[in-house]
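# Notes for the structure review
Take a look at the letters that make up each chain.
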Amino acid sequence: MTASPPSSPSSPSRPARRKTYAAGALLLAAAATAAFALTLDGSNGSDGSDGSDDERDRGARGATSVESGSAAPAPADKSLLALARRDASDALAVGRADAPVVMIEYSDFQCPFCGRFARETKPELLRRYVDEGILRIEWRNFPVFGEESQQAALAGWAAGRQKKFWEFHDVVYAEPRERNSGEFSADRLAAMAREAGVPDLAKFRADMASGQAREAVEKDQDEGFGLGVSSTPAFLVNGKPILGAQPTATFKDAVEAAAR
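To start, this report covers the structure provided alongside it. (Residues numbered from 1 in each chain as written. Predicted model: local features only at pLDDT ≥ 70, side-chain atom pairs only at ≥ 80, totals over all residues. Heavy atoms only, no water.)

## Focus on the packing of aromatic side chains
Condition: Only centres within 6.5 Å qualify two rings of Phe, Tyr or Trp (six-membered ring in Trp) as a pair; their planes then separate them into stacked at under 30 degrees, edge-to-face at over 60, and tilted for everything else. For each residue, the accessible area found with a 1.4 Å probe, counting protein chains only, is set against the maximum for its type, and the residue is called buried under 20%, exposed over 50%, and partly exposed in between. By definition, being over a ring means that NZ of Lys or CZ of Arg is both within 6 Å of the ring centre and within 35 degrees of the ring normal.
Evaluated as defined, the whole model comprises 13 aromatic pairs. Taken together, a centroid distance of 4.9 Å and an interplanar angle of 80° make the contact between F165 and W166 edge-to-face. By relative accessible area, which is 16% here, W166 ends up buried. Taken together through their ring pairs, the aromatic side chains of F109, W139, F165, W166, F168, Y173 and F204 make up a single cluster. A cation over a ring is seen here: R179 above F145, with NZ or CZ 3.9 Å from the ring centre.

Right, dumping it as structure tokens:
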């Protein structure tokens, strides 16, 4: 499997509200933020251009994470480590709250490379590390592809209110879906929730439309934007950044190095 680039939004602009969020709630060390931004900028196809997915794929097949290279990686900045929420009640997380390694995943349900990671890599990480108590995965909604991405993020949060986030996640990513084509309409999202086993669809729809859902998604987005994330998928493994749907071995190496 070759390294895959992240998917980038069609427009890199951000709402003005994000400019004020980080001032009080998300104060990261400048060096840590710069390190993550350099990782993002170092992969071709992650610059927010309007090129096709195929063009980005061809342009970034040689992309690597900061875990690779001959030099030993520097310790992660404490401000990045502190982003792990470790909330045992978090429905958008899987694994022990006290696991030695936390992987934070910034993803968009319409992102094809996020789907590739979900189908090809995450099952192995769950079996090998999460089930063994080594790894915890914390999902962050990072919708970058427009209104359907936003609605899917709200739907995922609503499914989590009934303890069905990961089942919903697996249904959405079970197969590639055409972006911004109605695949994530309100009715289709409700159908996915039903398939995922969400028991109360009326509550699901109400939760999805709530201000609490929007606040939760915005909190995740603001966290990512504060780090310099501009494309998906993006990861922090105990504070060390990895960009894109890298080969499974890249994530295994990162988890094992962090565990050591």
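From this point, the discussion proceeds with the structure in view.
## Focus on unusual backbone geometry
Threshold: Secondary structure is summarised from DSSP: a helix means a run of H or I of at least four residues, a strand means a run of E of at least two, and numbering begins at the N terminus for each.
For the bond running from T232 to P233, omega is -5°, close enough to zero to count as cis. Within the secondary structure, P233 is located in the loop between α11 (211-227) and β4 (234-237). A positive phi is found at K163, a non-glycine position, where the angle reads about 60°. Positive phi is not limited to glycine here, since N180 has a value of about 50°.

## Side note on the packing of helix α5 (residues 112-120) against helix α6 (residues 122-130)
Using the following cut-off: Axes here mean lines fitted to C-alpha atoms, for a helix over just the part in contact, with angles spanning 0 to 180 degrees between N-to-C directions. Here roughly perpendicular refers to angles of 65 to 115 degrees, roughly parallel to angles under 35, roughly antiparallel to angles over 145, and oblique to all remaining angles. Two residues form a contact once any of their heavy atoms are found within 4.5 Å. Each residue receives one of three labels: charged for Asp, Glu, Lys and Arg, nonpolar for Ala, Val, Leu, Ile, Met, Phe, Trp, Tyr, Cys and Pro, and polar for the others, Gly being one of them.
In the contact formed by α5 and α6, the axes pass within 4 Å of each other and the chain directions differ by 40°. Taken together, the axes of α5 and α6 are oblique relative to one another. Counting all contacts with α5, which are made through F117, A118, R119 and E120, the residues of α6 involved are K122, P123 and L125. Here the contact of α5 with α6 is built from residues that sort into 4 nonpolar, no polar and 3 charged.

## Details of the layout of surface pockets
Stated precisely, the cut-off is as follows: For cavity detection a 1 Å grid was placed over the protein atoms alone, and a set of points counts as a cavity when a 1.4 Å probe fits there but cannot get out; an open set counts as a pocket when protein lies on both sides within 12 Å along at least five of seven lines, with lining residues being those that have an atom within 4 Å of a point. Grid points are joined across faces, edges and corners, and a volume is the space filled by probe spheres set on the points.
There is about 390 Å³ of room inside the largest pocket. Along the walls of the largest pocket sit 18 residues, with R85, D90, A91, W157 and A216 positioned nearest its centre. Looking at the lining of the largest pocket, the element that brings in the most residues is α11, giving 6 residues. Classifying every residue of the lining of the largest pocket by side-chain character gives 6 nonpolar, 4 polar and 8 charged.

## Re the sheet that holds strand β5 (residues 240-243)
The pairing of strands in a sheet happens through backbone hydrogen bonds and is either parallel or antiparallel. Note the following rule: For two strands to count as paired, DSSP must find a minimum of two bridges between them.
Across the sheet, which stays open at both edges, the 5 strands sit in the order β1-β3-β2-β4-β5 with mixed pairing between neighbours. Two strands lie at the open edges of the sheet, namely β1 (93-94) and β5, each paired on one side alone. Relative to β4, strand β2 (residues 101-107) runs antiparallel, the two being bridged by 4 bridges. If you follow Y106 over to β4, its bridge partner there is A234.

## Digging into the environment of V102
Looking at where V102 falls in the secondary structure, it is placed in strand β2. V102 gets classed as buried once you look at its relative accessible area, which sits at 3%. Between the C-alpha atom of V102 and that of V130, which follows or precedes it by 28 residues, the distance is 9.8 Å. What V102 contacts, discounting residues up to four positions off in sequence, is A84, R86, L135, R136, E138, L236, V237 and N238.

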